[in-house]
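Descriptive structure summary
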Amino acid sequence: WQGTQTQHKDVLDLYLEALKINETDPDLNFIMGVLYNLTSEYGLAEEHFKNALKTNPNNADLWNKLGATQANGGKSEDAINSYKRALEI
């Protein structure tokens, strides 16, 4: 992310507002996961990737992103399981 913290917060706020309208949207949840990853907020990122997977469980990219988030957050065993799931798809 090459933007400033203010720009990041502005983008985050816009997506949070969009999620109020459609909290189950997998694309919005995916983007939120990425945004939270950028600020090392891995718990929130993981939550959003899991929300995206609820409506799109066969998306290998989502499972991969979840695995990376879990690995970055120190959840190695969970990360391995998510990576395995991504490879199975």
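For the structure, check the block above.
The paragraphs below set out a description of the structure included in this document.

**So, the overall build of the chain**
When you go through the chain residue by residue, the secondary structure sums to five helices and zero strands. Starting at the N terminus, the α and β elements of the chain follow one another as α-α-α-α-α. Whereas a compact globule of 89 residues would reach a radius of gyration of roughly 12 Å, the chain reaches 13 Å, a difference of no more than 12%. For the chain, the spread of C-alpha atoms along the three principal axes comes to 35 × 25 × 20 Å. A separation threshold of at least 6 residues defines the contact pool for the chain, and within that pool the share at least 24 residues apart is 32%. Side-chain charges in the chain split into 8 positive and 13 negative, and the spacing between the mean points of these groups amounts to 4 Å.

**Focus on the side chain of His48**
Relative to the assigned elements, His48 resides in helix H3 (residues 42-55). With near-sequence residues (within four places) excluded, His48 lies in contact with Leu19, Asn29, Met32, Gly33 and Tyr36.

**Describing the packing of helix H1 (residues 5-21) against helix H2 (residues 26-38)**
Where H1 meets H2, the closest approach of the two axes is 10 Å, and the angle between their N-to-C directions is 150°. Here H1 lies roughly antiparallel to H2, going by the angle between them. Between H1 and H2 lies a crossing whose hand is left-handed. Where H1 abuts H2, its residues His8, Val11, Leu12, Tyr15, Leu16, Ala18 and Leu19 lie against Leu28, Asn29, Ile31, Met32, Leu35, Tyr36 and Leu38.

**Some words on the packing of H3 against helix H4 (residues 60-72)**
Contact pair H3 / H4: the axes reach a minimum separation of 9 Å and the direction vectors enclose 160°. In terms of their interaxial angle, H3 and H4 are classed as roughly antiparallel. For the element pair H3 and H4, the recorded crossing hand is left-handed. Contact residues: Tyr42, Ala45, Glu46, Phe49, Lys50, Ala52 and Leu53 in H3; Leu62, Trp63, Lys65, Leu66, Thr69, Gln70 and Asn72 in H4. Here the contact of H3 with H4 is composed, by residue class, of eight nonpolar, three polar and three charged.

**Description of the side chain of Asn29**
Looking at the secondary structure, you find Asn29 in helix H2. The class of Asn29 is buried, set by a relative accessible area of 1%. Those residues in contact with Asn29 that lie beyond four places of it in its chain are Leu19, Glu23, Thr24, His48, Phe49, Asn51 and Ala52.

**Examining H2**
For H2, which comprises 13 residues, the first-to-last C-alpha distance of 19 Å matches the rise-based estimate of 18 Å (1.5 Å per residue) to within 8%. Residues of H2 that are buried include every one of Leu28, Asn29, Met32, Gly33, Leu35, Tyr36 and Asn37, and no others. Turning to H2, the residues buried within the fold contact H1, H3 and H4. Structurally, the start of H2 carries an N-cap: the backbone nitrogen of Asp27 is 2.8 Å from a side-chain oxygen of Asp25. In the segment just after H2, Ser40 is the residue with positive phi, at about 60°.

Calculation rules
Residues numbered from 1 in each chain as written. Predicted model: local features only at pLDDT ≥ 70, side-chain atom pairs only at ≥ 80, totals over all residues. Heavy atoms only, no water. Helix = DSSP H or I, 4+ residues; strand = E, 2+ residues; numbered from the N terminus. Rg over C-alpha atoms; globule rule 2.2 N^0.38 Å. Contact = heavy atoms within 4.5 Å. Lys, Arg positive; Asp, Glu negative; His and termini not counted. Charge placed at Lys NZ, Arg CZ, Asp CG, Glu CD. Axes fitted to C-alpha atoms, helices over the stretch in contact; angles between N-to-C directions. Parallel < 35°, antiparallel > 145°, perpendicular 65-115°, else oblique. Left-handed = near helix turned anticlockwise from the far one by under 90°. Nonpolar A, V, L, I, M, F, W, Y, C, P; charged D, E, K, R; others polar. Buried < 20%, exposed > 50% of the residue type's maximum accessible area, 1.4 Å probe, protein only. Expected span 1.5 Å × (residues − 1). Polar contact = N/O pair within 3.5 Å; in protein donor to acceptor, adjacent residues only side chain to side chain.

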